[in-house]
Amino acid sequence: AQGARVQRGHRNAVSPSALLKVILLGDGGVGKSSLMNRYVTNKFDSHLFHTIGVEFLNKELEVDGHHVTLQIWDTAGQERFRSLRTPFYRGSDCCLLTFSLDDGQSFHNLDNWKKEFAYYADVKDPDSFPFVVLGNKLDVPERQVSGEDVRRWCRDNGGHPYFETSAKDATNVASAFEEAVRRILALDDRADHLIHTNTVDLEKKTHSDPTCC
Ligand SMILES: Nc1nc2c(ncn2[C@@H]2O[C@H](COP(=O)(O)OP(=O)(O)OP(=O)(O)O)[C@@H](O)[C@H]2O)c(=O)[nH]1
């Protein structure tokens, strides 16, 4: 565990040097550290220790012509480390809700992970926050969770994108992180549009009402 802290300035739009914070949440052992390590260092360790608290790694990438630095926060999934991980949720731009395809309980716990994130990150409307759902360990033959069930859960919870990944053989890992960036960029585009629209409305009101101060 690193316990590192990074202060981020408030960001209105994604600039060329944007630092985007994404956070991996999910039960202990589903493969959060392995996904981060596979994506950033392209390595896999079959005997990883449980994370204690939080750790993060940075990765620079380009998505649809935007250069960004992704700061990936890996958290401890075990319940006994709850108070060590929750202070780091604030300021996240995207949350990767992770479960393991060979562990049905880890899928059922996604509801709790979403609630815990929304509470500690102070997200007012969780269904419109950019979550991405990852079903990891696709390479393991003993599958307990059907893609159909996950897609239904994603639909019922705000239309989150879903990726089946394997940190072990690198399946879909890069695609999942790139989708996280796309979701953040899409949200920023909408925010820009709203700011622009509001400015036009205010000007209109001033001209159309001469008695207005
Ligand atoms: N077969 C297979 N094993 C995996 C995969 N991803 C992770 N593992 C293994 O699953 C175990 C747990 O992986 P971690 O990455 O430590 O899981 P975690 O979610 O970070 O766990 P916590 O730190 O306790 O929250 C390790 O032994 C990994 O090698 C995968 O895609 N396929």
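Residues numbered from 1 in each chain as written. Predicted model: local features only at pLDDT ≥ 70, side-chain atom pairs only at ≥ 80, totals over all residues. Heavy atoms only, no water.

A. Spotlight on the pairing of strand 3 (residues 66–75). For strand 3, the tally of buried residues reaches eight of ten residues, placing the bulk of the element in the interior. In this structure, strand 1 (residues 18–25) lies alongside strand 3, joined through seven bridges in parallel fashion. Each bridged residue has a counterpart across the sheet, and for Leu24 the counterpart in strand 3 is Asp74. Here strand 2 (residues 54–63) runs beside strand 3; their pairing, made up of ten bridges, is antiparallel. The partner of Glu60 across the bridge, within strand 3, is Thr69. In this structure, the hairpin formed by strand 2 and strand 3 is closed by a connection of two residues, where Asp64 is found at a positive phi of approximately 50°. (Buried < 20%, exposed > 50% of the residue type's maximum accessible area, 1.4 Å probe, protein only. Helix = DSSP H or I, 4+ residues; strand = E, 2+ residues; numbered from the N terminus. Pairing = 2+ DSSP bridges.)

B. The confidence of the model for the protein, seen in detail. Averaged over the protein, the pLDDT score is 86; the fraction of residues at 70 or greater is 80%. Counted against residues more than four places away or in other chains, residues 204–213, with its pLDDT under 50, gives zero contacts. Prediction confidence for the complex, expressed as pTM and ipTM, is 0.85 and 0.99 respectively. (pLDDT = per-residue confidence, 0-100. Contact = heavy atoms within 4.5 Å.)

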